[in-house]
Amino acid sequence: MEKTTLSIPGITCDHCVRTIKNELLEVEGVTAVDGDAQRKAVEVEFETPATLDRIRQVLKEIDYPAE
Ligand SMILES: [Cu+2]
């Protein structure tokens, strides 16, 4: 199990956080997502087959690229 915090400048409100949560939780291997709109950050817990690259790719696809 890995845990990472990603900075996502495109987050402006709780709705953004909710969208990101829903999308990331659909990625196989992602087990938990927690977000903070004020910090513009999400914390993601994941295991195989999910990878950090895959998570970053999904964020790009939904127009919330991580820094
Ligand atoms: Cu928003």
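These lines cover the structure that appears in this document, whether it is placed above or below. (Residues numbered from 1 in each chain as written. Predicted model: local features only at pLDDT ≥ 70, side-chain atom pairs only at ≥ 80, totals over all residues. Heavy atoms only, no water.)

### Topic: the pattern of salt bridges
Defined as follows: Salt-bridge detection follows one rule: a side-chain nitrogen of Lys or Arg within 4 Å of a carboxyl oxygen of Asp or Glu. To qualify as a helix, a DSSP run of H or I must reach at least 4 residues; to qualify as a strand, a run of E must reach at least 2; elements of each kind are numbered from the N terminus. Exposure classes here rest on a 1.4 Å probe applied to the protein chains alone. A residue is buried below 20% of its type maximum, exposed above 50%, and partly exposed in between.
One pass over the full model with this rule turns up two salt bridges. Between E45 and K3 there is a salt bridge whose closest N-O contact spans 3.7 Å. Here the residue E45 occupies a position in strand β3 (residues 41–46), and K3 occupies one in strand β1 (residues 2–7), the gap between them amounting to 42 residues. Given the relative accessible area of 24%, E45 is considered partly exposed. Its relative accessible area of 55% is what places K3 among the exposed residues. Across the salt bridge formed by D36 and R39, the nearest N and O atoms sit 3.9 Å from each other.

### Re the nonpolar core
Rules: Remark: nonpolar core denotes a set of buried residues (Ala, Val, Leu, Ile, Met, Phe, Trp, Tyr, Cys) joined through side-chain atoms within 4.5 Å. For this analysis, residues touch if any pair of their heavy atoms sits within 4.5 Å.
Ranked by internal contacts, the top residues of the largest apolar core, which has 20 residues, are I8 and V44. Mapped onto this core, the elements with two or more residues apiece are α1 (14–25), β2 (30–36), β3 and α2 (52–61). Non-local contacts of I8, meaning those with residues more than four positions away in its chain, are made with I20, K40, V42, L59, Y64, P65 and A66.

### Looking at unusual backbone geometry
Cis geometry marks the peptide bond from T48 to P49; its omega dihedral reads 10°. Within the fold, P49 resides in the loop between β3 and α2. For K40, which is not a glycine, the phi torsion comes out positive at approximately 50°. Its location among the elements puts K40 in the loop between β2 and β3.

### Digging into the environment of T31
Turning to its location among the elements, T31 is positioned in strand β2. Look at T31 and you get partly exposed, because its relative accessible area is 38%. Residues T31 and L59, spaced 28 residues apart in sequence, show a C-alpha to C-alpha distance of 16 Å.

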